[in-house]
Amino acid sequence: MAKVKSLADLKRMKDALQSKMDLREKSNDPEGLVQIKVAMATCGIASGAKEVMEFLIEETAKRGIRTVVTQTGCMGYCYAEPTIEVHLPGKEPIVFGDVNIKKADEIIEKYIKNGELVDGIIPVNYKTLD
Amino acid sequence: MEKYKMHILICGGTGCRASASEAIQNNLQEAIKAKGLDDEVQVVMTGCFGFCEKGPIVKILPDNTFYVEVKPEDAEELIEEHIVKGRKVMRLLYVDPENKEVISDSKHMGFYKKQIRIALRNCGFINPENLDEYIARDGYAALGKCLAEMTPQTVIDEIKESGLRGRGGGGFPTGLKWEFAAKNIADQKYVVCNADEGDPGAFMDRSILEGDPHSVLEAMAICAYTMGADKGLIYIRAEYPLAITRLKVAIKQAREYGLLGNDILGSGFNFDVEMRYGAGAFVCGEETALIHSMEGLRGEPTVKPPFPAESGYNGKPTNVNNVETFANIPVIINKGASWFNKIGSEKSKGTKVFALAGKINNVGLIEVPMGTTLREVIYEIGGGIKDGKKFKAVQTGGPSGGCLTEKHLDTPIDFDNLLAVGSMMGSGGMIVMDEDDCMVSMAKFYLEFTVEESCGKCTPCRVGNKRLHEILDKITLGNGTKEDLDLLRNLSNVIKDTSLCGLGQTSPNPVLSTLDNFYDEYLAHIVDHRCPAGQCKALMQYVIDPELCVGCTLCARNCPVDCISGERKEAHLIDTSKCIKCGACMEKCKFNAISIQ
Ligand SMILES: Cc1cc2nc3c(=O)[nH]c(=O)nc-3n(C[C@H](O)[C@H](O)[C@H](O)COP(=O)(O)O)c2cc1C
Ligand code: SF4
Ligand code: SF4
Ligand code: SF4
Ligand code: FES
């Protein structure tokens, strides 16, 4: 391992290492962040939820939005998979159905960035465990 | 390249390791491999989460799910259900004992709600054997800041302003201590970390060293910079193998990165750390004894002055601080004294780590702001008394402290308040007692410890504590007199006034505080020959209830000393003067006719 030779060195190192710990820092304090849950049961995965999840993780990071993306079990909307639940700080969670990459992009740009509603909202009829 | 979407944190503290957290880690890793998820899920072994009662703990991120009492054979299900299918494994979640609610995020648990983690900030969060994770959380940034941007005096001023007081028991202002050590000019000076932790039931320092060893190394380097020392020594008891291993790994990594050694961060400042091992004598935690023990001499205290700051290790100026004191330092430098001194009470700033033990639901390690009340600690964080029993007392300060009772429950805990009510902060042990605990026996237990641990240098401590113990023993055997109570008090005061070191000066505290708070209980032993808690065996009596006894003779046939008499089909009687209290009769009686009174 190379030596840390100066305070500037240490700071560079910290910046580089921080991304590896980012997930832990964020989950420590998710209330202030955008929280997205992707339904990843068999039905969801079969219809592409995994790709959508990866897209959401990468794109929110690229676009500088502090987000926690987690997976949940089947939300009970198998007819509309992949489904995702988006929880903006201070707002009620909203569930979107039939989310493909294009839709996910629209949700990031319109709903997450500007709070504009987009098509595909499913009325919420359940409550999750914290 | 790995792109971890989930992190699984497993507690690698001593408590959870004892219950197989290593096997859990292996099984989790295997299950992850089997699913081909190696690149997506990171498994990390951390330090203690504090909730040792419910260990082993496994926490899954980013959804912050806190699994308790996990067994190695649960690993596959956790991966299959939680990681692959995204469903929480309900049976491994924590259930609130009060309202039976299932809680999956630790932040919502009563145990964690009131806690603020400063000294324990990285415990249960980072892998203590990975310096990168420490650096990612601002590790060594405080040292860097001191070396590059602050003079030794401004660092000292910052610590003084923070109001930090020593966590080793005495509560001496840390900044002031550093200033003394800085002012003494010498060719060689030393920084010593006191990791002796001899209090029965205490494991605060051990957990910090196991969970975040670099925070202590970094703080020692900062201290060394302020006083002009280039050598640090960590005095740790040999019974802490895991803490020793983690420290050794940390020292090695810090040297490899150049964060220990010569010319640290290009500043020209040199500092390195060595370990010294203690044999586990309580008195060796006292700073002068500790220094003598490191010098290869007998671990006996000597008179102060000279203080270590003038003449310590090898006669050179030495600064001794406790592990937890050190662990606070980097945060104070990074966040500023004015951030730190807003937490806590008026004269005790910041937080304190306590080891909760005894008859309490949530045994474990907690960190709360100074000024938190005992009630909050015992009932909200600690979850109340085990088995719905009644709270009786809590012993703080270990063998040097005293017991606090019902009437002290709303006292804000800090250095001065605890002293004012006849106890002390000590290093942070907190042992909770319920209605079944006998306070005379409790005092006797601590005196037994002190008698064992006294170094024997001064007579009042060596002989006096032994006498105290004998009198207490006599009382628990039912042979005490009222005069004994006066004797206990007088002798206690003499020992306190005439002992050389803190051990003798505080050892009678458990006696005095139980006399103050539970005088009636002493009287019950002496006058009524009765132990209200039913704990003193000598005062128990086995009696047969003539109403319930059917005269089956079974008890009489099983009594080893033949002290039960009675005719067939008639009520039996125990001759209590001969009974040796073996309990055999009670065990045999099928009619519940025999009880202890
Ligand atoms: C009998 C006795 C035992 C002690 N044991 C410890 C100990 O285990 N750990 C500790 O840090 N301080 C212990 N101390 C206090 C030390 O003497 C010293 O005050 C302390 O290490 C200073 O550090 P601090 O200012 O950071 O608290 C003990 C004192 C006495 C009298
Ligand atoms: S007070 Fe007790 S432990 Fe301390 S020096 Fe005297 S004999 Fe030793
Ligand atoms: S065993 Fe019980 S019932 Fe039988 S004689 Fe003894 S006390 Fe009486
Ligand atoms: S307790 Fe033991 S010694 Fe006493 S009466 Fe019962 S059997 Fe006999
Ligand atoms: S040792 Fe695991 S929670 Fe304390």
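Just so you know, the residues in each chain are numbered from 1, in the order the chain's sequence is written. Just so you know, chain letters begin at A and ligand numbers begin at 1, following the order they were written in. Selection of residues for local features in this predicted model requires a pLDDT of at least 70, selection of side-chain atom pairs for listing and counting requires 80 or more, and totals for whole chains, interfaces and linings are taken over all residues. Where side-chain values are given, they derive from all heavy atoms of the structure, hydrogens and water being excluded.

**Side note on the overall build of chain B**
Line of reasoning, step 1. Put simply, DSSP marks the helices as runs of H or I at least four residues long and the strands as runs of E at least two long, and each gets a number from the N terminus on. Within chain B, the regular secondary structure consists of 24 helices and 19 strands.
Line of reasoning, step 2. Taken against the 2.2 N^0.38 rule, which gives 25 Å for 597 residues, the C-alpha radius of gyration of chain B at 27 Å falls within 12% of a compact globule.
Line of reasoning, step 3. Dimensions of chain B, computed from the C-alpha atoms along their principal axes, are close to 95 × 65 × 40 Å.
Line of reasoning, step 4. Should any heavy atoms of two residues lie within 4.5 Å, those residues are counted as being in contact. Across chain B, every contact between residues at least 6 apart in sequence was considered, and the portion connecting residues at least 24 apart equals 69%.
Line of reasoning, step 5. Throughout, the Shrake-Rupley method with a 1.4 Å probe supplies accessible areas, and for residues the shown protein chains are the sole cover considered. When the accessible surface of chain B is split by element, carbon and sulfur atoms take 50% of a total near 23200 Å².
Line of reasoning, step 6. The charge count treats Lys and Arg as positive and Asp and Glu as negative. His and the chain ends do not count. By convention, the charge on Lys lies at NZ, on Arg at CZ, on Asp at CG and on Glu at CD. Averaging the positions of the 67 positive and the 81 negative side-chain charges in chain B gives two centres separated by 1 Å. Here the globule rule reads 2.2 Å times residues to the power 0.38, and the radius of gyration is calculated from C-alpha atoms.

**A short note on the pairing of strand β3 (residues 58–61) of chain B**
Residues and elements named next belong to chain B.
Line of reasoning, step 1. By the alternation rule, side chains of β3 split into Val58 and Ile60 and Lys59 and Leu61, which are all buried.
Line of reasoning, step 2. Bridge count for strand β1 (residues 6–11) against β3 is four bridges, and the pairing is antiparallel. Opposite Ile10, over in β3, you have Val58 as the bridge partner.
Line of reasoning, step 3. In sequence, β3 turns back onto strand β4 (residues 65–67) through a hairpin of three residues, with Asn64 there showing a positive phi of about 60 degrees. A simple rule labels every residue: compare its accessible area, found with a 1.4 Å probe on the protein chains alone, to the largest value its type can have, and call it buried under 20%, exposed over 50%, or partly exposed in between. We call two strands paired when DSSP finds no fewer than two bridges between them.

**Regarding a positive patch on the surface**
Line of reasoning, step 1. A surface patch of like charges, here positive, comprises Arg557(B), Arg568(B), Lys569(B), Lys588(B) and Lys590(B).
Line of reasoning, step 2. By the element assignment, Arg557(B) lies in helix α23 (residues 554–558). Residues form patches when they are more than 30% accessible in relative terms and have no salt bridge. Like charges link within 9 Å. Nonpolar side chains (Val, Leu, Ile, Met, Phe, Trp, Tyr) link within 5 Å. Each reported salt bridge corresponds to a side-chain nitrogen of Lys or Arg within 4 Å of a carboxyl oxygen of Asp or Glu.

**Some words on the interface of chain B and chain A**
Line of reasoning, step 1. Facing 50 residues of chain B, the contacting portion of chain A comprises 38 residues.
Line of reasoning, step 2. Buried surface area refers to the total accessible area, computed with a probe of radius 1.4 Å, that the two partners give up upon joining, counted for both partners together. In this assembly, chain B packs against chain A so that about 3400 Å² is buried in total across both faces, 58% of it on carbon and sulfur atoms.
Line of reasoning, step 3. Our count for the chain B to chain A interface comes out at five salt bridges.
Line of reasoning, step 4. Residue Lys14(A) pairs with Asp138(B) through a salt bridge whose shortest N-O separation is 2.8 Å.
Line of reasoning, step 5. Pairs of N or O atoms within 3.5 Å make up the polar contacts considered here, provided that, within protein, one atom can donate a hydrogen while the other can accept it, and that residues adjacent in sequence are counted only when both atoms are side-chain atoms. Our enumeration of links across chain B and chain A arrives at 13 residue pairs in polar contact (both at pLDDT 80 or more).
Line of reasoning, step 6. Taken together, the elements giving at least two residues each to the side of chain B that touches chain A come down to β1, β2 (41–46), α3 (75–85), α5 (131–136), α6 (141–149) and α11 (241–256) of chain B.
Line of reasoning, step 7. With five residues, the top contributor of residues to the side of chain B that touches chain A is α6(B).
Line of reasoning, step 8. Here the term charged refers only to Asp, Glu, Lys and Arg, the term nonpolar to Ala, Val, Leu, Ile, Met, Phe, Trp, Tyr, Cys and Pro, and the term polar to all other amino acids, Gly among them. Of the residues contributing to the side of chain B that touches chain A, the split by class is 21 nonpolar, 12 polar and 17 charged.

**Details of the domain arrangement of chain B**
Accessible area lost upon the coming together of the parts is a frequently used measure of interface size.
Line of reasoning, step 1. The assigned domain composition of chain B is domain 1 (6–112), domain 2 (131–340), domain 3 (351–384 + 391–428), domain 4 (439–526) and domain 5 (541–596).
Line of reasoning, step 2. What counts as a domain boundary in this text is fixed by an automatic or database domain assignment. Centre-to-centre separation of domain 1 of chain B and domain 5 of chain B, based on C-alpha positions: 52 Å.

**Looking at helix α21 (residues 509–517) of chain B**
Line of reasoning, step 1. α21(B) sits mainly inside the fold: eight of its nine residues count as buried.
Line of reasoning, step 2. Buried residues of α21(B): Asn509(B), Pro510(B), Val511(B), Leu512(B), Ser513(B), Thr514(B), Leu515(B) and Asn517(B), and no others.

**Some details on the sheet that holds strand β14 (residues 402–405) of chain B**
Residues and elements named next belong to chain B.
Line of reasoning, step 1. One open sheet accounts for five strands, arranged β12-β11-β15-β13-β14; its pairing is mixed. Since the sheet does not close on itself, it has two edges, and those belong to β12 (364–369) and β14, each with one partner. For this sheet, the mean inter-axis angle between neighbouring strands, taken without regard to orientation, is 30 degrees.
Line of reasoning, step 2. Here strand β13 (residues 391–396) pairs with strand β15 (residues 429–434) via five bridges, running antiparallel. Its bridge partner being in β15, Phe391 is matched across the sheet by Asp434.
Line of reasoning, step 3. Lines are fitted to the C-alpha atoms to define the axes, a helix being fitted only along its stretch in contact, and any angle between axes, read from their N-to-C directions, falls within 0 to 180 degrees. Against the sheet, helix α9 (residues 204–211) engages β11 (351–358), β12 and β15, with an angle of about 115 degrees to β11.

**A few points about the site of ligand 3**
Line of reasoning, step 1. Looking at ligand 3, the residues that line it are Ile544(B), Cys549(B), Val550(B), Gly551(B), Cys552(B), Thr553(B), Cys555(B), His572(B), Cys589(B), Phe591(B), Ala593(B) and Ile594(B).
Line of reasoning, step 2. Residue composition of the shell around ligand 3, by class: nine nonpolar, three polar and no charged. Whether a residue is near a molecule or strand is decided by its heavy atoms; if any one of them lies within 4 Å of it, the residue is near.

**Here's the deal with the sheet that holds strand β5 (residues 121–122) of chain A**
Residue and element names in this part refer to chain A.
Line of reasoning, step 1. Ordered by their spatial adjacency, five strands build an open sheet running β2-β1-β3-β4-β5, and the pairing between neighbours is mixed. Single-partner strands in this sheet number two, and they are β2 (67–72) and β5.
Line of reasoning, step 2. Pairing of strand β3 (residues 84–87) with strand β4 (residues 94–96) involves three bridges; the strand directions are antiparallel. Counted as the bridge partner of Val86 is Ile94 from β4.
Line of reasoning, step 3. Helix-sheet contacts for helix α3 (residues 49–62) involve β1 (34–39), β2 and β3, and the interaxial angle to β2 is about 165 degrees.

**Topic: the site of ligand 4**
Line of reasoning, step 1. Surveying the vicinity of ligand 4 reveals 14 residues, the closest of which are Cys559(B), Cys579(B), Cys582(B), Gly583(B) and Cys585(B).
Line of reasoning, step 2. Split by residue class, the shell around ligand 4 holds 12 nonpolar, one polar and one charged.

**Some points on the packing of aromatic side chains**
All names here are of chain B.
Line of reasoning, step 1. Pairing of aromatic rings covers Phe, Tyr and Trp, the last through its six-membered ring, and needs centres within 6.5 Å; plane angles under 30 degrees mean stacked, over 60 mean edge-to-face, and all others mean tilted. Using the criterion set out here, one finds 13 aromatic pairs over all chains in the structure.
Line of reasoning, step 2. An angle of 90 degrees between the planes, with centres 6.2 Å apart, marks the rings of Phe51 and Tyr112 as edge-to-face. On the criterion of sequence distance, the pair formed by Phe51 in the loop between β2 and β3 and Tyr112 in helix α4 (residues 110–113) is long-range, its members being 61 residues apart.
Line of reasoning, step 3. We classify Tyr112 as buried; its relative accessible area is 14%.

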